[in-house]
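A structural walkthrough
Here are the chains, one letter per residue:
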Amino acid sequence: TTRNMKNIDYTLYLVTGRNLLPPNKDFFESLEESIQGGVTIVQLREKELDTSEFVELAVKSKIICDKYNIPLLINDRVDVALAANVDGVHLGQSDMAVKRARELLPHGSIIGLSCNTVSHVKDAIKQKVDYIGIGAVWGTQTKKLTSPIIGVHGVGDMLAELEGTGIEAVAIGGINSINLLRTLHGCVSLKNRALDGVAVVSDIMASPDPRCASRKLKDILVNFQRHHKFYCLRHRGRSDVVTVDSVVSGVTQLMNEIKNARPLVHQITNTVVSTQSANVTLAVGASPIMATEPSEMQDLSRVCGGLLVNIGTMRAENLEGMMIAGTSANVLKKPVIFDPVGVGASSFRKDCVKGLLNKWQASVIKGNAGELAALAGTTEVESKGVDSVGSGFKNPAEFVRNLARRERCVVVLTGPIDYISDGISTVSLDNGHELLERITGSGCILGSIVASYCAASSQADNITDNGGIFRGDMFTAAIAGVLVLTIAGELAAKRHDVKGPGSFLPALIDELASLTADQVRELSKITVKHL
Ligand code: 3NM
Ligand code: MG
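Only a predicted model underlies this, so the values are computations on that prediction, with no experimental measurement involved.

This part is about the packing of aromatic side chains. All chains considered together, the criterion is met by five aromatic pairs. Measuring from centroid to centroid gives 5.7 Å for Tyr 13 and Tyr 131, while their planes differ by 55 degrees, and the two rings are tilted. Pair noted here: Tyr 13 is in strand 1 (residues 12–15) and Tyr 131 is in strand 6 (residues 131–135), with a separation of 118 residues, a long-range link. Considered together, Tyr 13 and Tyr 131 belong to a single accessibility category, that of buried residues. Aromatic side chains Phe 338 and Trp 360 sit 5.4 Å apart centroid to centroid with 85 degrees between the ring planes, which places their arrangement in the edge-to-face category. Of this pair, Phe 338 sits in strand 12 (residues 336–339) while Trp 360 sits in the loop between helix 14 (347–359) and strand 13 (364–368), and the two are 22 residues apart along the sequence. These aromatic residues form a ring-pair network of at least three members: Tyr 10, Tyr 13 and Tyr 131.

Following this line, the structure appears as C-alpha coordinates:
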(Lines give C-alpha, C1' and ligand atoms only; values in the text may rest on other atoms or scores of the structure.)
(Ligands and ions follow the chains in the order given, each with its own letter.)
Protein backbone atom coordinates (compact mmCIF):
# COMPACT_ATOMS: atom_id res chain seq x y z
CA THR A 1 0.00 0.00 0.00
CA THR A 2 1.24 3.51 -0.73
CA ARG A 3 0.24 6.32 1.51
CA ASN A 4 -0.83 9.71 0.28
CA MET A 5 2.13 11.80 1.42
CA LYS A 6 0.03 14.89 1.88
CA ASN A 7 -1.81 13.14 4.70
CA ILE A 8 1.13 12.35 6.93
CA ASP A 9 0.66 13.81 10.40
CA TYR A 10 4.05 14.76 11.86
CA THR A 11 2.61 16.27 15.05
CA LEU A 12 4.12 13.83 17.56
CA TYR A 13 6.95 11.87 16.00
CA LEU A 14 8.33 9.04 18.13
CA VAL A 15 11.93 7.98 17.51
CA THR A 16 12.61 4.70 19.28
CA GLY A 17 15.57 3.91 21.47
CA ARG A 18 15.09 0.53 23.06
CA ASN A 19 18.07 1.01 25.38
CA LEU A 20 16.07 3.75 27.15
CA LEU A 21 13.13 1.51 28.14
CA PRO A 22 12.58 1.31 31.89
CA PRO A 23 13.41 -2.08 33.46
CA ASN A 24 10.83 -4.78 32.61
CA LYS A 25 9.06 -2.61 30.04
CA ASP A 26 8.40 -4.50 26.81
CA PHE A 27 9.25 -2.59 23.63
CA PHE A 28 6.08 -3.45 21.75
CA GLU A 29 3.92 -2.67 24.75
CA SER A 30 5.64 0.71 25.06
CA LEU A 31 5.19 1.38 21.34
CA GLU A 32 1.49 0.56 21.40
CA GLU A 33 0.83 2.63 24.52
CA SER A 34 2.67 5.62 23.09
CA ILE A 35 0.50 5.43 19.96
CA GLN A 36 -2.60 5.24 22.12
CA GLY A 37 -1.39 8.37 23.92
CA GLY A 38 -1.13 10.32 20.67
CA VAL A 39 2.06 9.49 18.72
CA THR A 40 1.29 10.14 15.03
CA ILE A 41 4.37 8.68 13.28
CA VAL A 42 7.14 6.30 14.34
CA GLN A 43 10.79 5.92 13.37
CA LEU A 44 12.75 2.83 14.39
CA ARG A 45 16.27 3.91 15.23
CA GLU A 46 18.53 0.95 15.96
CA LYS A 47 22.27 1.45 15.86
CA GLU A 48 23.39 -1.87 17.39
CA LEU A 49 21.04 -4.53 15.98
CA ASP A 50 22.02 -7.21 13.46
CA THR A 51 20.19 -6.97 10.16
CA SER A 52 17.95 -10.00 10.74
CA GLU A 53 16.91 -8.75 14.19
CA PHE A 54 16.28 -5.27 12.83
CA VAL A 55 14.03 -6.63 10.08
CA GLU A 56 12.17 -8.76 12.61
CA LEU A 57 11.68 -5.75 14.90
CA ALA A 58 10.40 -3.70 11.95
CA VAL A 59 7.93 -6.37 10.84
CA LYS A 60 6.49 -6.69 14.36
CA SER A 61 6.37 -2.93 14.86
CA LYS A 62 4.58 -2.54 11.55
CA ILE A 63 1.76 -4.78 12.74
CA ILE A 64 1.18 -2.44 15.69
CA CYS A 65 1.49 0.74 13.59
CA ASP A 66 -0.88 -0.65 10.95
CA LYS A 67 -3.47 -1.40 13.62
CA TYR A 68 -3.63 2.35 14.34
CA ASN A 69 -2.88 3.48 10.78
CA ILE A 70 0.36 5.14 11.89
CA PRO A 71 3.25 5.44 9.39
CA LEU A 72 6.46 3.61 10.25
CA LEU A 73 9.91 4.75 9.07
CA ILE A 74 13.35 3.18 9.45
CA ASN A 75 16.43 5.17 10.41
CA ASP A 76 19.22 4.98 7.84
CA ARG A 77 18.64 1.37 6.57
CA VAL A 78 16.92 1.37 3.17
CA ASP A 79 17.38 -2.43 2.99
CA VAL A 80 15.48 -2.93 6.26
CA ALA A 81 12.72 -0.59 5.09
CA LEU A 82 12.37 -2.62 1.90
CA ALA A 83 12.47 -5.98 3.65
CA ALA A 84 9.79 -4.96 6.20
CA ASN A 85 7.74 -3.07 3.61
CA VAL A 86 7.39 0.04 5.82
CA ASP A 87 6.44 3.57 4.78
CA GLY A 88 9.87 5.10 4.32
CA VAL A 89 13.23 6.04 5.77
CA HIS A 90 14.85 8.76 7.79
CA LEU A 91 18.33 9.60 6.51
CA GLY A 92 21.22 11.37 8.20
CA GLN A 93 23.62 13.67 6.37
CA SER A 94 26.14 10.83 5.91
CA ASP A 95 23.59 8.11 5.03
CA MET A 96 22.58 7.00 1.50
CA ALA A 97 21.78 9.92 -0.87
CA VAL A 98 18.10 10.82 -1.03
CA LYS A 99 18.00 10.31 -4.78
CA ARG A 100 19.36 6.77 -4.52
CA ALA A 101 17.00 5.87 -1.69
CA ARG A 102 14.11 7.26 -3.76
CA GLU A 103 15.10 4.96 -6.67
CA LEU A 104 15.21 1.89 -4.44
CA LEU A 105 12.04 2.47 -2.41
CA PRO A 106 8.48 2.01 -3.70
CA HIS A 107 6.76 5.03 -5.22
CA GLY A 108 5.20 7.24 -2.56
CA SER A 109 7.65 6.29 0.21
CA ILE A 110 8.40 8.93 2.80
CA ILE A 111 11.96 10.21 2.94
CA GLY A 112 13.14 12.48 5.72
CA LEU A 113 16.53 14.09 6.20
CA SER A 114 18.36 15.33 9.31
CA CYS A 115 19.42 18.97 8.98
CA ASN A 116 21.44 21.11 11.33
CA THR A 117 22.41 24.05 9.14
CA VAL A 118 20.61 26.37 6.72
CA SER A 119 22.69 24.91 3.90
CA HIS A 120 21.50 21.39 4.80
CA VAL A 121 17.94 22.71 4.49
CA LYS A 122 18.64 24.28 1.07
CA ASP A 123 20.09 20.98 -0.03
CA ALA A 124 17.09 19.04 1.33
CA ILE A 125 14.77 21.25 -0.73
CA LYS A 126 16.77 20.51 -3.90
CA GLN A 127 16.61 16.80 -3.13
CA LYS A 128 12.83 16.99 -2.70
CA VAL A 129 12.65 15.25 0.65
CA ASP A 130 9.22 14.90 2.25
CA TYR A 131 10.21 16.32 5.61
CA ILE A 132 13.28 17.41 7.54
CA GLY A 133 14.30 16.77 11.13
CA ILE A 134 15.97 19.85 12.60
CA GLY A 135 18.28 19.20 15.52
CA ALA A 136 19.47 19.31 18.02
CA VAL A 137 17.29 22.13 19.28
CA TRP A 138 18.23 21.56 22.94
CA GLY A 139 20.91 19.48 24.63
CA THR A 140 20.24 15.74 24.69
CA GLN A 141 21.59 12.70 26.56
CA THR A 142 20.24 10.32 23.93
CA LYS A 143 22.70 10.89 21.10
CA LYS A 144 26.29 12.03 20.95
CA LEU A 145 25.99 15.25 18.99
CA THR A 146 28.52 16.09 16.30
CA SER A 147 27.39 19.67 15.72
CA PRO A 148 26.47 22.52 18.08
CA ILE A 149 22.99 22.86 19.58
CA ILE A 150 20.85 24.98 17.26
CA GLY A 151 18.53 26.73 19.74
CA VAL A 152 15.06 27.93 18.90
CA HIS A 153 16.22 31.02 17.00
CA GLY A 154 18.34 28.85 14.73
CA VAL A 155 15.41 26.52 14.05
CA GLY A 156 13.28 29.56 13.09
CA ASP A 157 15.88 30.60 10.50
CA MET A 158 15.83 27.11 9.02
CA LEU A 159 12.02 27.04 8.87
CA ALA A 160 12.15 30.30 6.90
CA GLU A 161 13.90 28.40 4.08
CA LEU A 162 10.97 25.99 3.82
CA GLU A 163 8.33 28.65 3.18
CA GLY A 164 6.44 27.79 0.02
CA THR A 165 8.14 24.41 -0.51
CA GLY A 166 5.51 22.06 0.96
CA ILE A 167 8.28 20.27 2.85
CA GLU A 168 7.33 19.58 6.46
CA ALA A 169 9.57 19.95 9.50
CA VAL A 170 9.97 18.53 12.95
CA ALA A 171 12.49 19.59 15.60
CA ILE A 172 14.42 17.03 17.64
CA GLY A 173 16.78 16.95 20.60
CA GLY A 174 15.96 17.27 24.28
CA ILE A 175 12.29 18.08 23.75
CA ASN A 176 10.09 17.24 26.73
CA SER A 177 6.79 18.31 28.24
CA ILE A 178 8.50 21.07 30.25
CA ASN A 179 10.13 22.85 27.29
CA LEU A 180 7.68 21.89 24.53
CA LEU A 181 5.50 25.00 24.56
CA ARG A 182 8.56 27.24 24.59
CA THR A 183 10.07 25.14 21.78
CA LEU A 184 6.96 25.56 19.63
CA HIS A 185 6.72 29.31 20.24
CA GLY A 186 10.43 29.91 19.73
CA CYS A 187 10.80 27.74 16.60
CA VAL A 188 8.88 29.98 14.21
CA SER A 189 10.06 31.93 11.16
CA LEU A 190 9.48 35.67 10.84
CA LYS A 191 6.55 34.93 8.56
CA ASN A 192 4.95 32.68 11.17
CA ARG A 193 6.00 29.36 9.61
CA ALA A 194 5.90 26.99 12.60
CA LEU A 195 7.01 23.40 13.14
CA ASP A 196 4.72 20.65 11.87
CA GLY A 197 5.63 18.53 14.82
CA VAL A 198 8.34 17.44 17.22
CA ALA A 199 10.40 14.27 17.39
CA VAL A 200 10.96 12.78 20.81
CA VAL A 201 12.98 9.85 22.08
CA SER A 202 13.59 9.76 25.83
CA ASP A 203 10.59 11.69 27.14
CA ILE A 204 8.39 8.89 25.77
CA MET A 205 10.66 5.82 25.59
CA ALA A 206 12.11 6.17 29.08
CA SER A 207 8.70 6.63 30.64
CA PRO A 208 7.07 3.76 32.57
CA ASP A 209 3.77 5.19 31.31
CA PRO A 210 4.37 6.13 27.67
CA ARG A 211 0.65 6.60 27.05
CA CYS A 212 0.53 9.35 29.63
CA ALA A 213 3.86 10.86 28.47
CA SER A 214 2.63 11.05 24.86
CA ARG A 215 -0.73 12.44 25.83
CA LYS A 216 0.90 15.24 27.80
CA LEU A 217 2.99 16.20 24.76
CA LYS A 218 0.12 15.79 22.32
CA ASP A 219 -2.21 18.08 24.27
CA ILE A 220 0.37 20.88 24.17
CA LEU A 221 0.98 20.31 20.44
CA VAL A 222 -2.68 20.31 19.47
CA ASN A 223 -3.41 23.40 21.53
CA PHE A 224 -0.50 25.23 19.93
CA GLN A 225 -1.53 24.21 16.41
CA ARG A 226 -5.02 25.50 17.06
CA HIS A 227 -3.93 28.88 18.38
CA HIS A 228 -0.46 29.80 17.23
CA LYS A 229 -1.48 32.03 14.35
CA PHE A 230 -3.28 34.24 16.82
CA TYR A 231 -1.21 34.02 19.95
CA CYS A 232 2.44 34.02 18.96
CA LEU A 233 2.53 37.76 18.66
CA ARG A 234 -0.79 38.86 19.99
CA HIS A 235 -1.83 37.66 23.43
CA ARG A 236 -4.90 39.74 23.49
CA GLY A 237 -8.17 38.93 25.18
CA ARG A 238 -9.92 42.17 24.34
CA SER A 239 -10.70 44.00 21.12
CA ASP A 240 -8.18 43.30 18.40
CA VAL A 241 -8.53 46.71 16.76
CA VAL A 242 -6.02 49.10 18.29
CA THR A 243 -7.09 52.75 18.51
CA VAL A 244 -6.11 55.56 20.87
CA ASP A 245 -9.40 55.01 22.70
CA SER A 246 -8.95 51.25 23.02
CA VAL A 247 -5.40 51.76 24.36
CA VAL A 248 -6.51 54.31 26.96
CA SER A 249 -9.44 52.20 28.06
CA GLY A 250 -7.25 49.07 28.34
CA VAL A 251 -4.66 50.98 30.36
CA THR A 252 -7.13 52.53 32.80
CA GLN A 253 -8.81 49.16 33.28
CA LEU A 254 -5.43 47.65 34.15
CA MET A 255 -4.78 50.44 36.65
CA ASN A 256 -7.89 49.23 38.48
CA GLU A 257 -7.15 45.56 38.04
CA ILE A 258 -3.68 45.83 39.56
CA LYS A 259 -5.20 47.18 42.76
CA ASN A 260 -7.53 44.17 43.01
CA ALA A 261 -4.99 41.58 41.91
CA ARG A 262 -2.05 42.97 43.96
CA PRO A 263 0.28 40.62 42.07
CA LEU A 264 3.61 39.51 43.46
CA VAL A 265 6.34 40.44 41.01
CA HIS A 266 9.57 38.49 41.19
CA GLN A 267 12.48 40.72 40.22
CA ILE A 268 16.01 39.64 39.47
CA THR A 269 17.51 43.06 39.00
CA ASN A 270 20.68 45.03 39.50
CA THR A 271 22.14 46.23 42.76
CA VAL A 272 22.01 49.92 41.77
CA VAL A 273 18.23 50.15 41.45
CA SER A 274 16.97 47.34 43.68
CA THR A 275 15.42 49.52 46.41
CA GLN A 276 13.76 52.04 44.13
CA SER A 277 12.43 49.20 41.92
CA ALA A 278 10.80 47.59 44.95
CA ASN A 279 9.33 50.96 45.96
CA VAL A 280 7.80 51.78 42.56
CA THR A 281 6.34 48.27 42.39
CA LEU A 282 4.52 48.94 45.65
CA ALA A 283 3.51 52.40 44.49
CA VAL A 284 1.67 51.12 41.40
CA GLY A 285 -0.19 48.51 43.45
CA ALA A 286 1.89 45.34 43.14
CA SER A 287 4.27 43.61 45.60
CA PRO A 288 7.96 43.01 44.91
CA ILE A 289 10.08 39.95 45.73
CA MET A 290 13.75 40.60 44.99
CA ALA A 291 15.40 37.16 44.90
CA THR A 292 18.35 35.63 43.04
CA GLU A 293 19.00 32.22 44.61
CA PRO A 294 18.64 29.53 41.90
CA SER A 295 17.23 26.91 44.28
CA GLU A 296 14.20 29.04 45.19
CA MET A 297 13.29 30.13 41.65
CA GLN A 298 10.73 27.40 40.98
CA ASP A 299 8.92 27.98 44.27
CA LEU A 300 8.76 31.71 43.58
CA SER A 301 7.39 31.11 40.07
CA ARG A 302 4.37 29.42 41.57
CA VAL A 303 3.43 32.28 43.87
CA CYS A 304 4.38 35.21 41.65
CA GLY A 305 2.29 36.82 38.93
CA GLY A 306 5.28 37.73 36.79
CA LEU A 307 9.05 37.88 36.48
CA LEU A 308 11.44 40.71 35.68
CA VAL A 309 14.97 39.87 34.54
CA ASN A 310 17.39 42.82 34.41
CA ILE A 311 21.08 42.23 33.62
CA GLY A 312 22.36 45.60 34.88
CA THR A 313 24.98 44.31 37.33
CA MET A 314 24.93 40.74 36.09
CA ARG A 315 27.65 38.29 37.10
CA ALA A 316 28.21 34.83 35.61
CA GLU A 317 26.84 33.28 38.81
CA ASN A 318 23.45 35.00 38.23
CA LEU A 319 22.88 33.22 34.93
CA GLU A 320 21.63 29.94 36.36
CA GLY A 321 18.93 31.62 38.46
CA MET A 322 17.78 33.68 35.48
CA MET A 323 17.61 30.54 33.32
CA ILE A 324 15.57 28.58 35.86
CA ALA A 325 13.29 31.49 36.75
CA GLY A 326 12.41 32.22 33.11
CA THR A 327 11.89 28.56 32.26
CA SER A 328 9.54 27.98 35.19
CA ALA A 329 7.67 31.19 34.39
CA ASN A 330 7.15 29.90 30.83
CA VAL A 331 5.92 26.53 32.07
CA LEU A 332 3.44 28.24 34.40
CA LYS A 333 2.43 30.82 31.73
CA LYS A 334 3.61 33.76 33.82
CA PRO A 335 4.89 36.84 31.97
CA VAL A 336 8.64 37.40 31.68
CA ILE A 337 9.85 40.98 31.25
CA PHE A 338 13.41 41.25 30.01
CA ASP A 339 15.59 44.33 30.41
CA PRO A 340 18.91 43.74 28.62
CA VAL A 341 20.68 46.65 30.32
CA GLY A 342 23.86 47.69 28.52
CA VAL A 343 23.87 44.60 26.26
CA GLY A 344 26.00 46.49 23.74
CA ALA A 345 28.71 47.22 26.31
CA SER A 346 30.48 43.86 26.47
CA SER A 347 30.59 40.48 24.83
CA PHE A 348 29.81 38.92 28.24
CA ARG A 349 26.46 40.70 28.28
CA LYS A 350 25.79 39.84 24.64
CA ASP A 351 26.42 36.14 25.31
CA CYS A 352 24.21 36.19 28.41
CA VAL A 353 21.35 37.83 26.51
CA LYS A 354 21.66 35.39 23.62
CA GLY A 355 21.68 32.44 26.00
CA LEU A 356 18.68 33.67 27.97
CA LEU A 357 16.55 34.45 24.91
CA ASN A 358 17.30 31.02 23.53
CA LYS A 359 16.33 29.37 26.79
CA TRP A 360 13.00 31.05 27.49
CA GLN A 361 10.34 33.13 25.80
CA ALA A 362 10.09 36.74 26.96
CA SER A 363 6.69 38.40 26.89
CA VAL A 364 8.13 41.92 26.83
CA ILE A 365 11.64 43.12 25.95
CA LYS A 366 12.41 46.68 26.98
CA GLY A 367 15.44 48.77 26.14
CA ASN A 368 16.83 52.05 24.85
CA ALA A 369 17.98 52.49 21.25
CA GLY A 370 21.52 51.30 21.93
CA GLU A 371 20.40 48.19 23.80
CA LEU A 372 17.78 47.13 21.28
CA ALA A 373 20.14 47.82 18.37
CA ALA A 374 22.76 45.58 19.99
CA LEU A 375 20.14 42.92 20.64
CA ALA A 376 18.97 43.07 17.02
CA GLY A 377 22.54 43.10 15.75
CA THR A 378 22.28 46.37 13.81
CA THR A 379 24.98 49.04 13.83
CA GLU A 380 22.52 51.85 13.17
CA VAL A 381 22.76 53.04 16.78
CA GLU A 382 25.91 53.01 18.89
CA SER A 383 25.94 52.61 22.64
CA LYS A 384 28.31 53.78 25.31
CA GLY A 385 28.08 51.93 28.62
CA VAL A 386 24.38 51.64 29.26
CA ASP A 387 23.45 54.80 27.28
CA SER A 388 22.71 55.25 23.59
CA VAL A 389 24.86 57.49 21.45
CA GLY A 390 23.09 59.67 18.89
CA SER A 391 19.43 60.12 18.26
CA GLY A 392 18.37 56.57 17.47
CA PHE A 393 16.80 54.81 14.50
CA LYS A 394 15.76 56.27 11.15
CA ASN A 395 12.41 54.55 11.46
CA PRO A 396 11.95 53.53 15.11
CA ALA A 397 8.37 52.29 14.70
CA GLU A 398 9.38 49.88 11.96
CA PHE A 399 12.42 48.75 13.94
CA VAL A 400 10.39 47.80 17.06
CA ARG A 401 7.74 46.14 14.91
CA ASN A 402 10.38 43.96 13.25
CA LEU A 403 12.15 43.12 16.49
CA ALA A 404 8.80 42.17 18.05
CA ARG A 405 8.25 39.79 15.14
CA ARG A 406 11.69 38.28 15.43
CA GLU A 407 11.56 37.80 19.20
CA ARG A 408 7.84 36.97 19.13
CA CYS A 409 7.02 39.27 22.00
CA VAL A 410 6.12 42.86 22.80
CA VAL A 411 9.04 45.27 22.38
CA VAL A 412 9.36 48.61 24.18
CA LEU A 413 11.88 51.13 22.83
CA THR A 414 12.46 53.97 25.29
CA GLY A 415 13.66 57.43 24.37
CA PRO A 416 12.32 60.99 24.04
CA ILE A 417 9.40 59.25 22.32
CA ASP A 418 8.66 55.69 23.42
CA TYR A 419 7.62 53.01 20.90
CA ILE A 420 5.77 49.82 21.73
CA SER A 421 4.87 47.04 19.30
CA ASP A 422 3.51 43.50 19.41
CA GLY A 423 4.62 42.88 15.83
CA ILE A 424 1.21 43.83 14.48
CA SER A 425 0.23 47.12 16.11
CA THR A 426 2.69 49.84 17.08
CA VAL A 427 2.07 52.88 19.28
CA SER A 428 4.26 55.83 20.12
CA LEU A 429 3.98 57.75 23.39
CA ASP A 430 5.13 61.33 23.82
CA ASN A 431 4.90 61.73 27.60
CA GLY A 432 7.76 62.21 30.06
CA HIS A 433 10.07 64.80 31.58
CA GLU A 434 13.80 65.40 31.32
CA LEU A 435 14.21 64.86 35.09
CA LEU A 436 13.51 61.16 34.42
CA GLU A 437 16.85 61.09 32.60
CA ARG A 438 18.66 62.73 35.51
CA ILE A 439 18.02 60.03 38.10
CA THR A 440 19.71 56.67 37.83
CA GLY A 441 17.73 53.66 36.72
CA SER A 442 14.58 55.27 35.33
CA GLY A 443 14.72 52.63 32.59
CA CYS A 444 15.06 49.90 35.21
CA ILE A 445 12.08 51.12 37.22
CA LEU A 446 10.09 51.17 33.99
CA GLY A 447 10.88 47.44 33.72
CA SER A 448 9.47 46.89 37.23
CA ILE A 449 6.30 48.84 36.43
CA VAL A 450 5.76 47.03 33.12
CA ALA A 451 6.29 43.71 34.92
CA SER A 452 3.70 44.76 37.52
CA TYR A 453 1.05 45.49 34.89
CA CYS A 454 1.89 42.32 32.93
CA ALA A 455 1.41 40.32 36.14
CA ALA A 456 -1.88 42.10 36.81
CA SER A 457 -3.07 41.44 33.27
CA SER A 458 -2.26 37.75 33.46
CA GLN A 459 -4.08 37.45 36.80
CA ALA A 460 -7.16 39.44 35.78
CA ASP A 461 -10.49 37.66 36.24
CA ASN A 462 -11.62 38.11 32.65
CA ILE A 463 -8.60 36.28 31.17
CA THR A 464 -8.93 32.73 29.95
CA ASP A 465 -6.13 30.39 28.97
CA ASN A 466 -5.98 30.55 25.20
CA GLY A 467 -3.21 28.02 24.68
CA GLY A 468 -0.57 30.71 24.25
CA ILE A 469 2.61 30.89 26.27
CA PHE A 470 1.25 33.75 28.42
CA ARG A 471 -2.11 34.61 29.82
CA GLY A 472 -3.24 38.21 29.45
CA ASP A 473 -2.60 41.20 27.25
CA MET A 474 1.10 42.01 27.31
CA PHE A 475 0.80 44.82 24.76
CA THR A 476 -1.62 46.88 26.85
CA ALA A 477 0.37 46.09 29.99
CA ALA A 478 3.58 47.40 28.42
CA ILE A 479 1.84 50.58 27.28
CA ALA A 480 0.35 50.99 30.77
CA GLY A 481 3.80 50.77 32.33
CA VAL A 482 5.28 53.44 30.07
CA LEU A 483 2.30 55.80 30.37
CA VAL A 484 2.05 55.55 34.13
CA LEU A 485 5.75 56.23 34.67
CA THR A 486 6.06 59.08 32.19
CA ILE A 487 2.86 60.84 33.28
CA ALA A 488 3.79 60.46 36.96
CA GLY A 489 7.18 61.93 35.96
CA GLU A 490 5.49 64.98 34.42
CA LEU A 491 3.36 65.51 37.52
CA ALA A 492 6.30 65.07 39.91
CA ALA A 493 8.45 67.55 37.98
CA LYS A 494 5.73 70.21 38.32
CA ARG A 495 5.57 70.01 42.10
CA HIS A 496 6.85 73.06 44.00
CA ASP A 497 8.91 70.97 46.39
CA VAL A 498 10.85 69.37 43.52
CA LYS A 499 14.07 71.30 43.02
CA GLY A 500 16.12 68.77 41.05
CA PRO A 501 16.89 65.06 40.70
CA GLY A 502 17.30 64.50 44.45
CA SER A 503 13.82 65.65 45.39
CA PHE A 504 12.36 64.32 42.13
CA LEU A 505 12.70 60.62 42.99
CA PRO A 506 10.56 60.63 46.17
CA ALA A 507 8.03 62.92 44.45
CA LEU A 508 7.89 60.44 41.54
CA ILE A 509 7.11 57.57 43.92
CA ASP A 510 4.35 59.69 45.50
CA GLU A 511 2.84 60.53 42.10
CA LEU A 512 2.99 56.87 41.02
CA ALA A 513 1.06 55.93 44.16
CA SER A 514 -1.62 58.58 43.71
CA LEU A 515 -1.99 58.60 39.92
CA THR A 516 -5.60 58.24 38.76
CA ALA A 517 -7.17 56.87 35.62
CA ASP A 518 -8.57 60.36 34.92
CA GLN A 519 -5.08 61.90 34.96
CA VAL A 520 -3.89 59.25 32.50
CA ARG A 521 -6.90 59.86 30.26
CA GLU A 522 -6.31 63.60 30.31
CA LEU A 523 -2.52 63.73 29.93
CA SER A 524 -1.63 60.77 27.67
CA LYS A 525 -0.14 61.57 24.26
CA ILE A 526 -0.62 58.42 22.21
CA THR A 527 -0.24 57.83 18.48
CA VAL A 528 -1.22 54.54 16.89
CA LYS A 529 0.86 53.56 13.85
CA HIS A 530 -0.39 51.30 11.12
CA LEU A 531 2.73 50.16 9.29
N1 3NM B 1 18.82 13.05 16.48
P2 3NM B 1 15.78 12.99 23.01
S3 3NM B 1 19.05 14.52 18.51
C4 3NM B 1 18.03 10.87 17.37
O5 3NM B 1 20.08 16.34 16.37
C6 3NM B 1 18.42 12.28 17.55
O7 3NM B 1 19.60 15.03 14.73
C8 3NM B 1 19.17 14.26 16.85
O9 3NM B 1 16.54 12.33 21.79
C10 3NM B 1 19.67 15.27 15.92
O11 3NM B 1 14.41 13.30 22.56
C12 3NM B 1 18.49 12.94 18.74
O13 3NM B 1 15.79 11.90 24.05
C14 3NM B 1 18.12 12.41 20.08
O15 3NM B 1 16.60 14.16 23.45
C16 3NM B 1 16.88 13.00 20.64
MG1 MG C 1 22.06 7.96 10.30
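There is more to say, and it comes next.
Attention now moves to the pairing of strand 13. Burial analysis of strand 13 places five of its five residues in the buried class, the great majority of the element. The alternating pattern of strand 13 places Val 364, Lys 366 and Asn 368 on one face and Ile 365 and Gly 367 on the opposite face, and all of these are buried. Of the pairings in the sheet, the one linking strand 12 to strand 13 comprises two bridges and is parallel in character. Looking at strand 13, one finds that Phe 338 is bridged to Ile 365. Sheet topology note: the strand 13/strand 16 (residues 410–414) ladder contains five bridges and is parallel. Residue pairing for strand 16: Asn 368 is matched across the bridge by Thr 414.

Judged by nonpolar contacts, the single largest core of 73 residues is most densely connected at Tyr 13, Ile 132 and Val 198. With six residues, helix 2 (residues 51–67) is the single largest residue contributor to this core. Excluding residues within four positions of it along the chain, Val 198 makes contact with Tyr 10, Thr 11, Leu 12, Tyr 13, Val 170, Ala 171, Ile 175, Leu 180, Leu 184 and Leu 221. One finds Ile 258, Val 265, Val 412 and Ile 439 within the second-largest nonpolar core, a separate group that totals 56 residues.

On to the site of ligand 1. The local shell around ligand 1 holds 13 residues, among which Thr 140, Thr 142, Gly 174, Val 201 and Ser 202 are the closest. Between Ala 136 and ligand 1, the recorded distance is 3.2 Å, taken from a backbone N or O atom to an oxygen atom. One of the side-chain N or O atoms of Ser 202 is found 2.5 Å from an oxygen atom in ligand 1. Contact with the protein chains hides 95% of the accessible area of ligand 1, taken as 430 Å² for the molecule alone. Partitioning the shell around ligand 1 into residue classes produces five nonpolar, six polar and two charged.

Along the polypeptide, Pro 294 turns up in the loop between strand 10 (287–290) and helix 12 (297–303). Using a relative accessible area of 18% as the deciding quantity, one classes Pro 294 as buried. The spacing of Pro 294 and Asp 245 is 49 residues in sequence and 42 Å in space, taken between C-alpha atoms. Not counting the four nearest positions on each side in its chain, Pro 294 is found in contact with Glu 320, Gly 321 and Ile 324.

Residue Ala 136 is reached from Gly 135 by a cis peptide bond, and omega for that bond is 0 degrees. Within the secondary structure, Ala 136 is located in the loop between strand 6 and helix 6 (151–162). Even without being a glycine, Asp 76 presents a positive backbone phi close to 75 degrees. On the secondary structure map, Asp 76 appears in the loop between strand 3 (72–75) and helix 3 (78–84). Assessed through its relative accessible area of 25%, Asp 76 is described here as partly exposed. The phi torsion at Lys 128 lies on the positive side, around 55 degrees, for a residue other than glycine. Inspection of the secondary structure puts Lys 128 in the loop between helix 5 (118–126) and strand 6. By relative accessible area, Lys 128 is classed as exposed at 63%.

What counts as what
- Residues numbered from 1 in each chain as written.
- Chains lettered and ligands numbered in written order.
- Predicted model: local features only at pLDDT ≥ 70, side-chain atom pairs only at ≥ 80, totals over all residues.
- Heavy atoms only, no water.
- Phe/Tyr/Trp six-rings, centres within 6.5 Å; stacked < 30°, edge-to-face > 60°.
- Helix = DSSP H or I, 4+ residues; strand = E, 2+ residues; numbered from the N terminus.
- Buried < 20%, exposed > 50% of the residue type's maximum accessible area, 1.4 Å probe, protein only.
- Pairing = 2+ DSSP bridges.
- Core = buried A, V, L, I, M, F, W, Y, C linked by side-chain atoms within 4.5 Å.
- Contact = heavy atoms within 4.5 Å.
- Near = heavy atom within 4 Å.
- Polar contact = N/O pair within 3.5 Å; in protein donor to acceptor, adjacent residues only side chain to side chain.
- Areas by Shrake-Rupley, 256 points an atom, 1.4 Å probe, with all protein chains shown as cover.
- Nonpolar A, V, L, I, M, F, W, Y, C, P; charged D, E, K, R; others polar.

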